[in-house]
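Here is what each chain is made of, one letter per residue.
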Amino acid sequence: MTSTITQETSLEAFFYERLTAVQEGRAEELSTEIEAYIVHLLAEFARRPAVAGRTSAPLALQYLKARSAGTHALRDVGDRALYIAGAVPSSLDRGAVGVGYVQGIGEAAYRGVHEQHPRLEVFAELADAFEDITAVVADAVEPSNANAGSLLELYARWRIHRRSRDAKRLVEAGVLLDPERSDLLQ
């Protein structure tokens, strides 16, 4: 099923359709609150891509400032981390940090929002399931059947970032993965 945005389709409707399609093949579905949150987040970042771009402040510094700035700033950090880790993880390929690091910052930011406002359960859920949610976002913005490059490129990316999504694609292609072993041929 290929989705395209037409003039009659809003970004929210497009992303809702993608999330719904992605979740059909998963054992656990996202809660309605998380699903709505992600749809809105993806639409906002699609409208303002520079917010998460390379010209933005480093995520770790943004997080450190946000810890003393309050809830809104922490939410912004969590949102940016979720977008980077889920929608554009390849932007980290040339940097010193990986997806796991970005996920850790996002999880901590969302947990900080929940700690400041315990009644906002959605942020506890975002923190607790951050890695799984980034996988759903990744599949929503880049369907699994999309061209992910060659197997060698996919394997190289998996060796660096250890994304479960890449591992799944490699296994589906018949590649045996052993994260504890070296890359030496035997």
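The following refers to the structure shown. These numbers come from a predicted model, not from an experiment.

## What about the side chain of E35?
- Locating E35 in the fold gives a position in helix α2 (residues 32-47).
- Judged by its relative accessible area of 13%, E35 falls in the buried class.
- Apart from the residues lying within four places of it in its own chain, the contact partners of E35 are Y16, L19, Q23 and L30.

## Structural notes on the nonpolar core
- In terms of nonpolar packing, the biggest core is built from 40 residues, with I38, L41, Y110 and I133 touching the most fellow members.
- Elements that contribute at least two residues to this core include exactly α1 (11-23), α2, α3 (59-69), α4 (71-87), α5 (99-116), α6 (121-128) and α7 (130-141).
- The greatest single-element share of this core, amounting to eight residues, is contributed by α2.
- Excluding residues that lie within four positions of it along the chain, I133 makes contacts with L30, I34, I38, L82, E125 and L126.

## Some words on the packing of α2 against α6
- With their axes 10 Å apart at the nearest point, α2 and α6 run at an angle of 80° to one another. For the element pair α2 / α6, the angle class is roughly perpendicular. Listed contacts from α6 to E33, I34 and Y37 of α2 are V122, F123, E125 and L126.

Rules used throughout
- Counting restarts for each chain: residues are numbered from 1 in the order of the written sequence.
- Side-chain atom pairs in this predicted model are given and counted only at pLDDT of 80 or more, local residue features only at pLDDT of at least 70, and totals for whole chains, interfaces and linings cover all residues.
- To obtain the side-chain values, all non-hydrogen atoms of the structure were used and water was disregarded.
- Comment: elements are numbered from the N terminus, with helices defined as DSSP H or I runs of at least four residues and strands as E runs of at least two.
- For the exposure calls, accessible area comes from a 1.4 Å probe over protein chains only, and a residue counts as buried if that area is under 20% of its type's maximum, exposed if over 50%, partly exposed in between.
- Two residues form a contact once any of their heavy atoms are found within 4.5 Å.
- For our purposes a nonpolar core is just a set of buried Ala, Val, Leu, Ile, Met, Phe, Trp, Tyr and Cys residues, chained together by side-chain atoms within 4.5 Å.
- The angle between two axes is taken between their N-to-C directions and runs from 0 to 180 degrees, where each axis is a line fitted to C-alpha atoms and a helix contributes only its stretch in contact.
- By the definition adopted for this analysis, an angle is roughly parallel if under 35 degrees, roughly antiparallel if over 145, roughly perpendicular if from 65 to 115, and oblique otherwise.

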